[in-house]
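Chain by chain, the residues run as shown.
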Amino acid sequence: MGCSPTFEEQFQNPPKEFKPMPFWHINGELTTEGIQQQMKDAKELSGFSGISVLPLAPKKNGRPGTTPKFLSKEYINRFQDVLNTAEELDMQVILYDDNDFPSGMAGGKMGELFPEHTMKRLDKIEKEVTGPQRLSEEIPVGKLLAAVAMNIESLERIEISPFIKGNKLTWDVPEGNWKIMYFNMVRDSYHKAYPVVDYLDTTAVRHMINLTYDEYYKHFSAYFGNTIQMTFFDDTGFWKHPRTWTGKFNEKFKALNGYDPKPWYPALWYDIGPKTASVRHAFFNTRAELLAEGFPKLVGEWAKQHQVKDTGHPPGNYDPTPIDMNGDIFKFYRHTAIPLTDAIIAYQFGQDGHKMISSAADYYDKPVVATEIYGAYKENSFDSLMLYRSVMDLFVRGVNFVVPHGLWYNPEQVYISPLVSPYSEKIAPALPAYSEFVGRSCMLLQGGKRVANIGVFYPFEELAGWFRFDDPDNPRQGFFISPETDYQDISGLLTNDLRQDFTFIHPEFFLDEKYSIEKGSVQLNNVENQQAYTILMLTGCNIISYKTLEKIRDYYEQGGCIISTTQLPFKSTEMGEDQKVIDLVEAVFGLNALSLDTSQIQKNR
């Protein structure tokens, strides 16, 4: 009867579950012999303890995809070879859930079989008219979610959908200059390879799960929970689709916010007056909830039911704003077993945003935080030192499981560099030691608890209240933020300059009973990973919930230290409650936020 290995023995030879498990891009024709040889080399020459088979769609420029065709009988046979080889080599297989990224295409079957359940977008069709006059016209094609007339000078709005009969509007325009706006939902016209599922619609997502996850389980159920212990979804969100919408949006909005959204749709594009920020927050918070309760929730539930853990990421989970990328990163990972941050493009790219993912994991008391790392790093700047440099930066920010990007079936035709493989002459000699280092680090980090006495508020309300569609000043997706937004600057300052660990706090979640105030500190009352903050930082923002500020005031009155970085808020996410925010800020800081010198750091003592 054997003895369990000691800690010292495990440290010397880390268990396989802690070692790196890279993507294996299948850019060519799978053969039994090729599968066996490459998996053997991945383990014996590089020290990798598992792989994630990433089938690829053919590219328009002629770059090869995966052969046999995704989920064909021949593909299933080759995937069986992967699992057989994994068992022989004592390796694990991460089940990548689609044919290329983003997840949700089902290898093209969503568009073929369920085109009505693919991604939708919100369009605004508008014209200007001068009243008084009778306006009679056909409405645009699409599912009409709202029709609104807005006076250009006074910003008065009239919801005019009651004047639509069939496909025709007949309305007596009042005196003045008016914008007539139709807000229509249409099937999205842009797709990377194949039409993608409507991530916000649970019916659509269930169809996608049936086409992919269920298909794998039908053939390979005996491997789930042993050889297959994890599934992976990729880029689930709004990349290239900033106006993603869904048919039940209005219904969800009213349930969450208590009022009809139709008269307020213009706020998605225009300033409609003092209530603009609170209305935008309501819209984008609704969309964040729809995404969180759509794809990631149903995939997470499926994984749990089938004895595996799910991981993956939305696009831009490191970007300054989640609004047009992934909704709300805290809410996105609500149902995901292993939150994952996408560390790609270049060394330190998006570095100040990675802490968001581990902070969400901390809130949900999830012990494992993964990273997909190195994808799209330039080959000419990638070397063995970069292997360590990048992954150590992620360890510092809460990561404790590593998915390198990655292996390629045909290493002569890599089109997303770099090649992290036993077939890379440059870094192959360094990979065994790297795999051991990652294994030891993750073994230690997965058993640890975060010690951080600083809680930094993540300004979701500011990000949502500021954002608007199609703004000409929007530099690119993920980066359209107010001048006051500085939470990622604070992230970099604390980690890189002051060497202080911290945890982001979602202002909405701060109201939960999970956060209690005890003798001038805030306790995060988790079962496993409890935390206590003796310093709270309110990052620059114009808008916040007055209820959140009330709890901050209670913390302050019990002796807690609260620091504001720049702009203090003066607007409330609750419509019509701005004065409460102004009064609470004055009670805590002794300052009027409307007359604040934002060049000075504000603190309450």
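Computed from a predicted model, the values in this text were never measured in an experiment.

Parameters at a glance
- Residues numbered from 1 in each chain as written.
- Predicted model: local features only at pLDDT ≥ 70, side-chain atom pairs only at ≥ 80, totals over all residues.
- Heavy atoms only, no water.
- Helix = DSSP H or I, 4+ residues; strand = E, 2+ residues; numbered from the N terminus.
- Rg over C-alpha atoms; globule rule 2.2 N^0.38 Å.
- Buried < 20%, exposed > 50% of the residue type's maximum accessible area, 1.4 Å probe, protein only.
- Contact = heavy atoms within 4.5 Å.
- Areas by Shrake-Rupley, 256 points an atom, 1.4 Å probe, with all protein chains shown as cover.
- Lys, Arg positive; Asp, Glu negative; His and termini not counted.
- Charge placed at Lys NZ, Arg CZ, Asp CG, Glu CD.
- Patch = residues over 30% accessible without salt bridge, like charges linked within 9 Å, V, L, I, M, F, W, Y side chains within 5 Å.
- Salt bridge = Lys/Arg side-chain N within 4 Å of Asp/Glu carboxyl O.
- 1 Å grid on protein atoms, 1.4 Å probe; cavity = no way out; pocket = protein on both sides within 12 Å on 5 of 7 lines; lining within 4 Å.
- Points joined across faces, edges and corners; volume = space filled by probe spheres on them.
- Nonpolar A, V, L, I, M, F, W, Y, C, P; charged D, E, K, R; others polar.
- Pairing = 2+ DSSP bridges.
- Axes fitted to C-alpha atoms, helices over the stretch in contact; angles between N-to-C directions.
- Phe/Tyr/Trp six-rings, centres within 6.5 Å; stacked < 30°, edge-to-face > 60°.
- Lys NZ or Arg CZ within 6 Å of the ring centre and 35° of its normal.
- Expected span 1.5 Å × (residues − 1).
- Polar contact = N/O pair within 3.5 Å; in protein donor to acceptor, adjacent residues only side chain to side chain.

Which residues make up the overall build of the protein chain, and what values do they have?
Assigned secondary structure in the protein chain consists of 17 helices and 25 strands. In summary, the protein chain has a C-alpha radius of gyration of 26 Å against a globular reference of 25 Å for 605 residues, a match within 12%. Reported as C-alpha extents along the three principal axes, the dimensions of the protein chain are approximately 85 × 60 × 45 Å. Residues classed as buried in the protein chain amount to 59% of the 605 residues present. Long-range contacts, defined here as pairs at least 24 residues apart, represent 80% of the contacts in the protein chain between residues at least 6 apart. Accessible area for the protein chain stands at about 24000 Å²; split by element, carbon and sulfur atoms hold 50% of it. Counting 60 positive and 79 negative side-chain charges, the protein chain places the centres of these two groups 3 Å from one another.

Give a detailed account of a nonpolar patch on the surface, specifying residues and quantitative values.
On the surface, a nonpolar cluster with roughly 350 Å² of combined accessible area is contributed by F7, F11, L444 and L445. Relative to the elements of secondary structure, L445 occurs in helix α13 (residues 431-446). L445 gets classed as partly exposed once you look at its relative accessible area, which sits at 35%.

Help me get a handle on empty space enclosed by the protein, residues and values and all.
For the coordinates displayed, the defined rule picks out four cavities of 30 Å³ or more. If you add up the space inside the largest cavity, you get close to 90 Å³. Around the largest cavity, the lining comprises 13 residues; the ones closest to its centre are A343, Q348, H354, Y377 and L394. Counting residues per element, the lining of the largest cavity draws most heavily on helix α12 (residues 384-396), which supplies three residues. Its residues assigned to classes, the lining of the largest cavity shows seven nonpolar, four polar and two charged. Each residue belonging to the lining of the second largest cavity can be placed in one class, and the counts come to six nonpolar, five polar and one charged.

Lay out the side chain of S424 with the relevant residues and their values.
Structurally, S424 is set in the loop between β15 (407-408) and α13. The buried category is assigned to S424, whose relative accessible area is 7%.

Could you give an account of the sheet that holds strand β9 (residues 228-234), naming the residues involved and the relevant values?
Sheet architecture is open: nine strands sit in the order β14-β13-β12-β11-β9-β3-β2-β1-β15, paired in parallel fashion. Looking at strand neighbours, the two that pair on one side only are β14 (401-404) and β15, the edges of this open sheet. The pairing of strand β11 (residues 309-313) with strand β12 (residues 338-343) spans two bridges and is classified as parallel. If you follow T311 over to β12, its bridge partner there is I338. Sitting on the sheet, α12 is in contact with β12, β13 (370-373) and β14, with an inclination near 155° to β13.

Which residues make up the sheet that holds strand β19 (residues 521-524), and what are the values?
The three strands are arranged β18-β19-β20 in an open sheet whose pairing can be described as antiparallel. Each edge of the sheet is formed by a strand with only one pairing partner; in this case those strands are β18 (515-518) and β20 (531-533). For this sheet, the mean inter-axis angle between neighbouring strands, taken without regard to orientation, is 25°. Two strands pair when backbone bridges link them, and β19 and β20 are joined in this way by three bridges, in the antiparallel orientation. When the bridges of β20 are listed, L524 appears paired with Q531. Along the sheet, helix α16 (residues 546-557) contacts β18, β19 and β20; its crossing angle with β18, the most-contacted strand, is approximately 25°.

Please set out the layout of surface pockets residue by residue, giving values where relevant.
Within this model, the largest pocket holds a volume of roughly 730 Å³. If you go around the largest pocket, you meet 36 residues; those closest to its centre are F101, D235, W239, P315 and I344. Computed from the structure, the second largest pocket encloses a volume of approximately 410 Å³. N257, H281, N285, T573 and E574 are, among the 22 residues lining the second largest pocket, the residues nearest its centre. Where the lining of the second largest pocket is concerned, the elements lending two or more residues are α7 (249-257), α8 (276-292), α14 (460-466) and α16. Ranked by residue count, the leading element in the lining of the second largest pocket is α8, at six residues. Of the residues in the lining of the second largest pocket, the class split is eight nonpolar, eight polar and six charged.

Give me the pattern of salt bridges: which residues, what numbers.
Applying the stated rule across the entire model yields 29 salt bridges. Close ionic contact of R334 with E293 constitutes a salt bridge, the shortest N to O distance being 2.6 Å. A residue pair is termed long-range when its members are at least 10 positions apart, and R334 in the loop between α10 (329-332) and β12 and E293 in the loop between α8 and α9 (295-305) qualify at 41 residues.

Mind laying out the packing of aromatic side chains, listing which residues take part and the relevant values?
Working definition: an aromatic ring pair is given by the centre-to-centre distance plus the angle between the planes. What the rule picks out here adds up to 61 aromatic pairs. Taking the centre distance of 5.2 Å and the plane angle of 90° together, the rings of F332 and Y333 count as edge-to-face. For the residue pair F332 and Y333, the accessibility class agrees, reading buried in each case. The side chain of K355 reaches across the aromatic face of F502, ending 5.5 Å from its centre. Just above the ring of Y364 sits the side chain of K366; from NZ or CZ to the centre is 5.0 Å.

Lay out α12 in plain terms, naming residues and giving numbers.
For α12, with 13 residues, the first-to-last C-alpha span of 19 Å sits near the 18 Å given by 1.5 Å per residue. Those residues of α12 lying buried are M386, L387, S390, V391, D393, L394 and F395. Where α12 is buried, its residues meet β12, β13, β14 and α13. Its side-chain oxygen at 3.2 Å from the backbone nitrogen of L385, D383 defines the N-terminal cap of α12.

I'd like a description of the pairing of β19, backed by residues and values.
Covered by surrounding structure in β19 are S521 and Q523 together with V522 and L524, the residues of both alternating faces. Note: β18 against β19, four bridges, orientation antiparallel. When the sheet's bridge partners are listed, E518 is paired in β19 with S521. In textbook terms, the turn of a hairpin is the stretch between consecutive antiparallel strands, and for β19 and β20 this stretch comprises six residues.

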